[in-house]
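Residue-level structure breakdown
The lines below spell out each chain.
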Amino acid sequence: MITCEEFFAEFGDYLENRVSPEVRKELELHLSQCRACRVLYDSSRKTVKIVTESSSFELPESVYNPIIDRVMAKLRIGQN
Ligand SMILES: [Zn+2]
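So, a few notes on the structure that sits alongside this text. (Residues numbered from 1 in each chain as written. Predicted model: local features only at pLDDT ≥ 70, side-chain atom pairs only at ≥ 80, totals over all residues. Heavy atoms only, no water.)

A few points about the environment of T3
Here T3 shows up in the segment before α1 (4–15). Sequence separation between T3 and L27 is 24 residues; the distance between their C-alpha atoms is 9.6 Å. (Helix = DSSP H or I, 4+ residues; strand = E, 2+ residues; numbered from the N terminus.)

Some words on the coordination of the zinc ion
Protein ligation of the zinc ion involves C4 (SG), H30 (NE2), C34 (SG) and C37 (SG), the donor distances falling in the range 2.0 to 2.3 Å. Each donor residue of the zinc ion lies on the same chain, and together they follow the pattern C-x25-H-x3-C-x2-C. The pair C34 / C37 is uniform in exposure class, with both members buried. (Donors = N, O, S within 2.8 Å, 3.2 Å for Na, K, Ca; no water. Buried < 20%, exposed > 50% of the residue type's maximum accessible area, 1.4 Å probe, protein only.)

Re the packing of aromatic side chains
Aromatic ring pairs are reported here in terms of the distance separating the ring centres and the angle at which the planes meet. Tallied over the full model, the rule gives five aromatic pairs. For the ring pair F7 and F8, a centre distance of 5.8 Å and an interplane angle of 75° mean the geometry is edge-to-face. The pair formed by F7 and F8 is uniform in burial state, with each residue classed as buried. Look at F11 and Y41: their rings are 6.5 Å apart centre to centre, the planes differ by 70°, and that puts the pair in the edge-to-face class. You can see F11 sitting in helix α1 and its partner Y41 sitting in helix α3 (residues 35–54), a full 30 residues away along the chain. Grouping residues by exposure puts F11 and Y41 together as buried. (Phe/Tyr/Trp six-rings, centres within 6.5 Å; stacked < 30°, edge-to-face > 60°.)

So, the pattern of salt bridges
Applying the stated rule across the entire model yields three salt bridges. In this structure, the salt-bridge partner of R18 is E16, at a minimum N-O distance of 2.6 Å. Under the relative-accessibility criterion, E16 is labelled partly exposed at 29%. Linking R24 and E28 is a salt bridge whose minimum nitrogen-to-oxygen distance equals 3.4 Å. Taken together, the residues R24 and E28, both in helix α2 (residues 21–33) and four residues apart, mark about one turn of the helix. A relative accessible area of 24% means that R24 is categorised as partly exposed. Among the residues examined, E28 registers a relative accessible area of 37% and is labelled partly exposed. When salt bridges that share partners are traced, they join D13, E16 and R18 into one network. (Salt bridge = Lys/Arg side-chain N within 4 Å of Asp/Glu carboxyl O.)

Below, the structure written as structure tokens:
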């Protein structure tokens, strides 16, 4: 299984449906087995929905990067 770091590396593209079917499968497998990433995914998807419904279909990195940073910080704390 891929690691959380690998998941996050593809996460932005996954949210924007820009990953290959193989990568998508890996990411969804990770999502099904990693609670931390699933929470991140759910909250990010909500954020994306709000952003796309309110003004534009652009998803600026400033929207989801802070979320990812926060979750990554939590993961690092959990691992120590
Ligand atoms: Zn994970």
